[in-house]
Amino acid sequence: MKILAVDDDPDFLALFESTLTRLGYANVTFVTSGAEALELLSNTQVPFDCFILDIQMPEMNGIELCEEIRAIPEYEETPIVMNTILADRAHIDQAFAAGATDYLTKPIDEIEINTRLGVLHTLVRERLRTQHAINHGGADVFATPSYRFADQIPMRRVAGTIEYLALENYLKTLGVFRALSTKAVGFHVLNGQQLFDEAGPSIFSEVMIDVATCISDCLKTSSRMISYAGKGDFVCLLSRVEALDAFELGDTLRISIAEFGHIYDELNIHLPMVSVGPAVGCKALHMAAPTRILDEAILNARSAARHFTGFSHSMDR
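Notes on the structure in this doc start here. Here the structure is a predicted model, which is why all the values come from computation and not from measurement.

### Considering helix α8 (residues 201–219)
Look at α8: 27 Å from first C-alpha to last across 19 residues, which is about the 27 Å you get at 1.5 Å a residue. The positive-phi residue at the C-terminal boundary of α8 is Lys 220, with phi of around 50°.

Written out as structure tokens, the structure is:
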């Protein structure tokens, strides 16, 4: 895995290089500023597979650099890890909103960074295999990936969305006590499998992006974090104090989705039917695994599907 690490402290970079080498990550480039990083990206022939960024840097901080990297089409989905001494909620929120995949705090915990990079390494290998299959299948290099129904389709172009892995890492970074101010709301596309089968992977991914857009528009809050979990399931994190009526939101969402009706008629596919579950707040029972609220929110949305005659079978998929 080809890594670019950016930190303005040369002493830390020396220590970090030693740590990564011991962990088996030898293909790492180290630079000391955002400007140097961006110049390197514009000139490199082989793209980087992962970025590790400090936040506190002069001229361009790590969050600003993260946004600049995400603006480069080639790096829209590349893992970005923030590695910083800053552990407050404001910086965590800003980093994930800017496109961070994970967030680690200094000093270096060798076991933790090895675990987190291991997950990202597996993700990078899977994406490379997908790209290899596209290229050797005769498709254009920039063709849309052929997603499976269970895949977590990226939706970065929709306001407020982040990858599902990043959403999980966000909750892990917050910890259960800070996560107590957060609640999760699930959404389930009841006829998701039918849409996938009749429209195919490429159009299905666009339909799910349409659903994400409608969810984002209906929530009308800047603090939302929306993610697609695969299998027609979405989950959103909101402030716990924000009022939300699942039935009212479901009705509003279905009206919004209906506006795409003429487009779907031309494509000869059905409109997505979406159920919304009651919100799930983080509690003491989530102490060991705050990400469980995401699973519970999705299950709530699938349970709400019982209100739609003929679609209760979708909960078992």
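### Overview of the sheet that holds strand β1 (residues 3–6)
The parallel open sheet is built from five strands, whose spatial order is β2-β1-β3-β4-β5. Whereas interior strands pair on both sides, the edge strands pair on one side only; in this sheet they are β2 (28–31) and β5 (102–105). Across the sheet, the mean angle from the axis of one strand to that of its neighbour is 20°, orientation sign disregarded. Here β1 pairs with β2 via four bridges, running parallel. Looking at β2, one finds that Ile 3 is bridged to Val 28. Packing against the sheet, helix α2 (residues 34–43) makes contact with β1, β2 and β3 (50–53), and its axis sits at approximately 160° to β1.

### Looking at the environment of Asn 83
When you line up the elements, Asn 83 lands in strand β4 (residues 80–84). Accessibility expressed as a relative area gives 3% for Asn 83, which makes it buried. Once the C-alpha coordinates of Asn 83 and Asp 102 are considered, the two residues, 19 residues apart in sequence, prove to be 8.7 Å apart. The contacts of Asn 83, once residues within four sequence positions are left out, are Phe 12, Phe 16, Ile 52, Leu 53, Asp 54, Leu 104, Thr 105 and Lys 106.

Rules behind the numbers
Residues numbered from 1 in each chain as written. Predicted model: local features only at pLDDT ≥ 70, side-chain atom pairs only at ≥ 80, totals over all residues. Heavy atoms only, no water. Helix = DSSP H or I, 4+ residues; strand = E, 2+ residues; numbered from the N terminus. Expected span 1.5 Å × (residues − 1). Pairing = 2+ DSSP bridges. Axes fitted to C-alpha atoms, helices over the stretch in contact; angles between N-to-C directions. Contact = heavy atoms within 4.5 Å. Buried < 20%, exposed > 50% of the residue type's maximum accessible area, 1.4 Å probe, protein only.

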